[in-house]
Amino acid sequence: MRLEQALEEYKRRKAAGARETERVRRDFERELRKILKDVQKAIEKLENREVPKNIDERLKRIVSAEKGKYVSALKKASSNISTMEELGKRLPDLAKLHVDHGKYLISVFEKEVYRINSLLKSLSELYSQYTQAIEEKVVEDIEIESLLAEKDRILEEVKRIESEKKEQEKKLRAKEEEIKELPELMELEKLKSEMERLNSKARGIEIEVRSKVAKLQKPVKRMRLPDAMALKLTEDSSIALEEPEEFLRFLQRITPELDKKYRKAAEWLLDNLPKKIAELEGLRKSLEGLEKSRHELEEKVGKRKNELIELKRLIEEKENELKQLRNRLEHLEKELNESLAKLEKILETKIER
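Keep in mind that this is a model prediction, so the values were computed, not measured.

A word on the overall build of the protein
Next, step 1: Helix and strand counts for the protein come out as 10 helices and 0 strands.
Next, step 2: Traced from its N-terminal end to its C-terminal end, the protein shows the element sequence α-α-α-α-α-α-α-α-α-α.
Next, step 3: Against the compact-globule benchmark of 20 Å for 353 residues, the protein has a radius of gyration of 51 Å, which places it well outside the compact range.
Next, step 4: Along the longest, intermediate and shortest principal axes, the C-alpha atoms of the protein span 150 × 70 × 30 Å.
Next, step 5: Relative to its 353 residues, the protein shows a buried fraction of 35%.

Let's talk about the nonpolar core
Next, step 1: V209, L216, L233, F247 and L269 are the most contacted members of the largest nonpolar core, which totals 34 residues.
Next, step 2: Of all elements in the fold, only α6 (183-223), α7 (228-235), α8 (239-242), α9 (244-254) and α10 (260-347) reach the threshold of two or more residues within this core.
Next, step 3: If sequence neighbours within four positions are ignored, V209 has contacts with A240, L241, L269, L273 and K276.
Next, step 4: If you look at the next biggest cluster of nonpolar residues, it comprises 33 residues, including L36, V51, L87 and I134.

Comments concerning the pattern of salt bridges
Where charged atoms of side chains with opposite charge meet at close range, the side chains can pair.
Next, step 1: Within this structure, the stated rule accounts for 35 salt bridges.
Next, step 2: D27 is the partner of R23 in a salt bridge, and the nearest nitrogen-oxygen pair spans 3.1 Å. Of this pair, R23 and D27 both sit in helix α1 (residues 3-48), separated by 4 residues, roughly a single helical turn.
Next, step 3: Relative accessible area serves as the criterion here: at 33%, R23 is assigned to the partly exposed category.
Next, step 4: E307 serves as the salt-bridge partner of K175, at 2.8 Å between the closest nitrogen and oxygen.

Focus on helix α2 (residues 57-78)
Next, step 1: Given a rise of 1.5 Å per residue, 22 residues ought to cover 32 Å, and the 31 Å separating the end C-alpha atoms of α2 matches this to within 8%.
Next, step 2: Every buried residue belonging to α2 is among V63, E66, K67, Y70, V71, L74, A77 and S78, and all of these are buried. Axial view of α2: buried residues confined to an arc of 135 degrees, hence all on one face. Seen from the buried face of α2, the exposed residues on the opposite side, beyond 90 degrees, are R58, R61 and K76.
Next, step 3: Looking at where α2 begins, the residue whose side-chain oxygen comes 3.0 Å from the main-chain nitrogen of R58 is D56.
Next, step 4: Phi turns positive one or two residues past the end of α2, at N80, with a value near 55 degrees.

A word on the packing of aromatic side chains
We describe a pair of aromatic rings using the distance from one ring centre to the other and the angle between the two ring planes.
Next, step 1: Summed over the entire model, instances satisfying the criterion amount to 2 aromatic pairs.
Next, step 2: Taken together, a centroid distance of 5.6 Å and an interplanar angle of 70 degrees make the contact between F28 and Y130 edge-to-face. Taken together, the residues F28 in helix α1 and Y130 in helix α4 (residues 110-137) connect sequence positions 102 residues apart.
Next, step 3: Of the residues examined, F28 reaches a relative accessible area of 16% and is grouped as buried.
Next, step 4: Three or more aromatic residues joined by ring pairs make a cluster, and in this case those are F28, Y127 and Y130.
Next, step 5: Positioned above the aromatic ring of W268 is the side chain of K212, whose terminal nitrogen or guanidinium carbon lies 5.2 Å from the ring centre.

Definitions and cut-offs
- In this numbering scheme, every chain counts its residues from 1 along its sequence in written order.
- In view of the model being predicted, local features appear only for residues whose pLDDT reaches at least 70, and side-chain atom pairs are presented and counted only at 80 or more, with totals across whole chains, interfaces and linings using the full set of residues.
- Processing note: side-chain calculations cover all non-hydrogen atoms of the structure and skip hydrogens and water entirely.
- What counts as a helix is a DSSP run of H or I of at least four residues, what counts as a strand is a run of E of at least two, and both are numbered from the N terminus.
- Radius of gyration means the value over C-alpha atoms here, while the globule rule gives 2.2 Å times the residue count to the 0.38 power.
- Throughout, exposure labels follow a simple rule: accessible area from a 1.4 Å probe, protein chains only, divided by the maximum for the residue type, with under 20% read as buried, over 50% as exposed, and the rest as partly exposed.
- By convention a nonpolar core is built from buried Ala, Val, Leu, Ile, Met, Phe, Trp, Tyr and Cys residues, the set being connected through side-chain atoms within 4.5 Å.
- In what follows, residue pairs with any heavy atoms lying within 4.5 Å of each other are defined as contacts.
- Within this document, salt bridges are pairs made up of a side-chain nitrogen of Lys or Arg and a carboxyl oxygen of Asp or Glu, the two lying within 4 Å of each other.
- By this rule, a helix spans an expected 1.5 Å times one less than how many residues it contains.
- What the arc measures is the spread of directions leading from the helix axis to the C-beta atoms.
- A 3.5 Å cut-off defines polar contacts: any pair of N or O atoms within that distance qualifies, except that in protein one atom must be a possible hydrogen donor and the other a possible acceptor, and neighbouring residues in sequence count only when both atoms are side-chain atoms.
- Any two rings among Phe, Tyr and Trp, with Trp reduced to its six-membered ring, count as a pair given centres within 6.5 Å; such a pair is stacked if its planes are under 30 degrees apart, edge-to-face if over 60, and tilted if neither.
- Geometrically, a lysine NZ or arginine CZ counts as sitting over a ring once it is within 6 Å of the ring centre and also within 35 degrees of the ring normal.

In structure tokens form, the structure reads like this:
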């Protein structure tokens with residue numbers, strides 16, 4: 001049987017079941033009213049009976065008190081019951097009455113209490129018969145149509161989000177190509193290359209100067225000069241770059257005392273250090289200017305790259321939404337299969353989707 005036909009047949013049986021259920025309810029409620037009427041008569045009969053005078057005085061007091069409580073509780077528990085559902089709610093209270101109040105009463109008013117208990121038992125049996133009859137008539141609720149509607153809605157949502165994701169991915173690719181062609185990006189690469197060249201040149205000068213200074217550390221140490229610059233020189237060869245003027249004055253004093261192999265290094269420093277320092281200062285000044293330009297260019301490029309980051313974030317957001325929707329679709333499919341199995345059982349036929 002096709003699903004559409006199965007659903008129509010299910011609705012027909014569901015409606016028929018509802019009508020039968022209503023008929024059953026009316027029949028049982030008619031019987032309920034009869035029994036309740038008998039219960040009220042039995043209560044009134046017990047209420048009107050006087051406690052015999054020829055019983056033990058203590059028992060008489062207990063029975064009198066219990067009778068009043070029992071009658072009052074019975075009236076309260078059995079009043080305002082007009083439907084089987086209300087009966088089902090009150091049955092626990094009615095059943096509890098015999099346990100709470102019937103013990104002493106039954107010894108004096110046996111006939112009346114047994115009559116009431118018999119009627120209460122009839123109410124309980126009536127409710128059991130009612131629930132069984134209703135179960136036989138009621139057609140189980142199956143939410144296939146609502147599940148199919150939700151599935152269609154989610155599939156449309158998936159389609160929409162996938163379309164939005166593709167559009168964002170297209171924008172992302174275009175933006176990546178645009179950034180690759182940015183003149184600022186090309187300029188930035190040239191700038192970084194030039195900065196690396198100047199840094200390399202500055203490092204070369206520093207290494208050259210420090211290697212010459214390093215050659216003097218050993219002889220200066222042996223000279224044991226009581227001079228702060230002598231100590232600084234033996235500890236760190238970069239002192240010539242950090243304090244060039246004081247270093248050169250110190251070098252002029254000690255050069256005549258140096259051996260020939262060390263004097264050559266000292267003379268090179270005396271002749272070349274001022275030029276090297278000036279060259280380093282020029283390189284550093286150029287690097288400062290380039291660094292400023294690099295920062296400005298990176299800010300411009302960074303703004304464009306932030307657009308890429310935002311697009312990637314939006315794409316990831318769509319991917320998460322799709323993942324959640326597909327998980328929901330899996331659950332829906334499982335619920336649909338379970339509902340279809342129930343429908344096949346109800347209709348006793350195989351259903352094609």
